[in-house]
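Listed here are the chains, written in short residue letters.
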Amino acid sequence: QRQKKEAQVVKEEQSEFFLAAFAREREAVEALLAAGTLEEAAARLQALQKLLTGSVRFLAPYEVRQGQETVARLQGDLAARRQQLQPKKKFAFRALKKEAAPGSAPRPAEPAPPAAAAPGPGLAEGESGGPPLCGFSGAQDEELELGPAELLQRDVLLSELRGCRVRLRGNPNTLRVRDCRGCTVLCGPVSTSVLVDGCSDCLLALACQQLRTHRTRDCRVYVQVTSRAVIEACSGVSFAPYSWSYPGIEGDFESSGLDRNSNNWNLVDDFDWLATDKPSPNWSLIPEQERITCWD
């Protein structure tokens, strides 16, 4: 009993130290964002994520959730500030429209290419209100691909895809996969967070610091994640270790800052399952003999 009590005291002291350090770092990130010092803010935010990841073993579940929500909010604020401070001329081509000559019949509007992703009504958690910097939206039964130069530290949105195969070879800053059906999404290492929201019957290969999955069913996720993955309002989600590879992936891991030796692929927190004596029925591990080893 004495050992148990002493262990509890140590745990409480560790938790108090974490909360104080986390609050200081959060305030520092918020001040840097307000000042427009975005690169330093991004570095401090990455350190904040690592502090949270390294502390989950002694934190209460609600403290982990609050920390993850804070990091997600700050990531959204960082993305919004980047868009706000980026010169508008970089996005001018999206607004250009060719005026019809006087007296001529108007030309029918051409369909927008899928690469110009646009947020639909109602943003998913963690998305900023501005237009995404790159991604795909509204495509069906297509092979879609982005490379390292297009992805490096960009915020990527994949939305409302149907039956598509998406290859993202490179190192994005964040990734949002929203309202996709029957798709395969293969992504290189993501520096910060991945949000999968409202998807079904999808196959995903993801490497990131933080994975959150909401309103998603019957999906297989091959993941490398440095913190514990989180699911909410999900069913039939199964996990296996990340195994997708492509030429140059080691360099992308290096630029992402992810630790290849830290992988909590089989540690999942289900916020809809509070029982501690029984495993959640909403997620499972893919048996080793059923895991994909060749992705081409």
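What counts and what doesn't
- Residues numbered from 1 in each chain as written.
- Predicted model: local features only at pLDDT ≥ 70, side-chain atom pairs only at ≥ 80, totals over all residues.
- Heavy atoms only, no water.
- Helix = DSSP H or I, 4+ residues; strand = E, 2+ residues; numbered from the N terminus.
- Buried < 20%, exposed > 50% of the residue type's maximum accessible area, 1.4 Å probe, protein only.
- Contact = heavy atoms within 4.5 Å.
- Areas by Shrake-Rupley, 256 points an atom, 1.4 Å probe, with all protein chains shown as cover.
- Arc of directions from axis to C-beta.
- Polar contact = N/O pair within 3.5 Å; in protein donor to acceptor, adjacent residues only side chain to side chain.
- Salt bridge = Lys/Arg side-chain N within 4 Å of Asp/Glu carboxyl O.
- Pairing = 2+ DSSP bridges.
- pLDDT = per-residue confidence, 0-100.
- Core = buried A, V, L, I, M, F, W, Y, C linked by side-chain atoms within 4.5 Å.
- Axes fitted to C-alpha atoms, helices over the stretch in contact; angles between N-to-C directions.
- Parallel < 35°, antiparallel > 145°, perpendicular 65-115°, else oblique.
- Left-handed = near helix turned anticlockwise from the far one by under 90°.
- Nonpolar A, V, L, I, M, F, W, Y, C, P; charged D, E, K, R; others polar.

### Brief notes about the overall build of the protein chain
Step number 1: Each helix and strand in the protein chain was counted, giving five helices and 14 strands.
Step number 2: Burial analysis of the protein chain (296 residues in total) assigns 47% to the buried set.
Step number 3: Contacts in the protein chain between residues at least 24 apart in sequence constitute 42% of all its contacts with a sequence separation of at least 6.
Step number 4: For the protein chain, the computed accessible surface area is about 15700 Å², with 53% contributed by carbon and sulfur atoms.

### Looking at helix α5 (residues 249-256)
Step number 1: Where α5 is concerned, the buried positions are I249, D252, F253 and S256. Relative to the axis of α5, the buried residues are bounded by an arc of 100° and lie together on one face.
Step number 2: On its buried face, α5 sits against α2 (38-53), β6 (184-189), β8 (203-208) and β10 (217-225).
Step number 3: At the exit of α5 stands G257, carrying a positive phi of roughly 85°.

### Side note on the environment of D270
Step number 1: Inspection of the secondary structure assignment puts D270 in strand β13 (residues 268-270).
Step number 2: Taking the C-alpha atoms as reference points, D270 and T213, 57 residues apart in sequence, are found 9.6 Å from one another.
Step number 3: With near-sequence residues (within four places) excluded, D270 lies in contact with I231, S280, N282 and W283.
Step number 4: A distance of 2.6 Å separates the side chain of D270 from the side chain of S280, its partner in a polar contact.

### Some words on the pattern of salt bridges
Step number 1: Counting across every chain of the model gives 13 salt bridges.
Step number 2: Close ionic contact of R215 with D179 constitutes a salt bridge, the shortest N to O distance being 3.9 Å. Of this pair, R215 sits in the loop between β9 (210-214) and β10 while D179 is found in the loop between β5 (174-178) and β6, placing the two residues 36 residues apart along the sequence.
Step number 3: On the accessibility criterion, R215 (48% relative accessible area) is partly exposed.
Step number 4: On the basis of relative accessibility, which here comes to 17%, the residue D179 falls in the buried class.
Step number 5: The salt bridge involving D269 is made with R228; its shortest N-O contact spans 3.0 Å.

### What about the pairing of strand β2 (residues 143-146)?
Step number 1: Residues of β2 alternate between two faces, with L144 and L146 buried on one and E143 and E145 left unburied on the opposite face.
Step number 2: Where β2 meets strand β4 (residues 165-168), four bridges bridge the pair, whose relative direction is parallel. Across the sheet, the residue bridging to E145 is R167, located in β4.

### Topic: the confidence of the model for the protein chain
Regions with low pLDDT should not have their predicted coordinates read in detail.
Step number 1: This prediction gives the protein chain a mean pLDDT of 81; 80% of its residues lie at or above 70.
Step number 2: Segment residues 89-132 is flagged for pLDDT under 50; beyond a separation of four residues in sequence, or across chains, it makes 52 contacts in the model.

### Some points on the nonpolar core
Step number 1: L158, L161, L168, L175, L211 and F239 are the most contacted members of the largest nonpolar core, which has 39 residues in total.
Step number 2: By residue number, the principal contributor to this core is β10, which donates four residues.
Step number 3: Once you skip the residues sitting within four places of it in the chain, L175 turns out to touch V156, L158, L168, C187, V190, S193, V194, L195 and L206.
Step number 4: Core analysis: the second largest hydrophobic core is formed by 18 residues, L32, L48, V64 and L74 among them.

### Observations regarding the sheet that holds β4
Step number 1: With parallel pairing, seven strands are arranged side by side in an open sheet as β2-β4-β6-β8-β10-β12-β14. Of all strands in the sheet, those bounded by a partner on one side alone are β2 and β14 (283-285). Strand-to-strand, the axes of this sheet are offset by a mean angle of 20°, without reference to chain direction.
Step number 2: The pairing of β8 with β10 spans six bridges and is classified as parallel.

### A short note on the packing of α2 against helix α3 (residues 61-85)
Step number 1: Two elements in contact, α2 and α3, have axes whose closest approach is 11 Å; the angle formed by their N-to-C orientations is 165°. If you check the angle between α2 and α3, you find them roughly antiparallel. Between α2 and α3 lies a crossing of left-handed hand. On the side of α2, the interface is formed by L38, E39, A42, L45, L48, Q49 and L52, while α3 contributes V64, G67, Q68, V71, L74, Q75, L78, R81, R82 and L85.
Step number 2: Within the contact of α2 with α3, the residues separate by chemical class into ten nonpolar, four polar and three charged.

### Quick word on the side chain of T226
Step number 1: With respect to the secondary-structure elements, T226 resides in the loop between β10 and β11 (229-232).
Step number 2: When sequence neighbours within four positions are dropped, the list of residues in contact with T226 reads T53, C208, Q209, D259, S262 and N264.

### Regarding the side chain of T184
Step number 1: Considering the arrangement of structural elements, one finds T184 in strand β6.
Step number 2: Discounting residues that sit within four places of it in the chain, T184 has contacts with C164, R165, V166 and L203.

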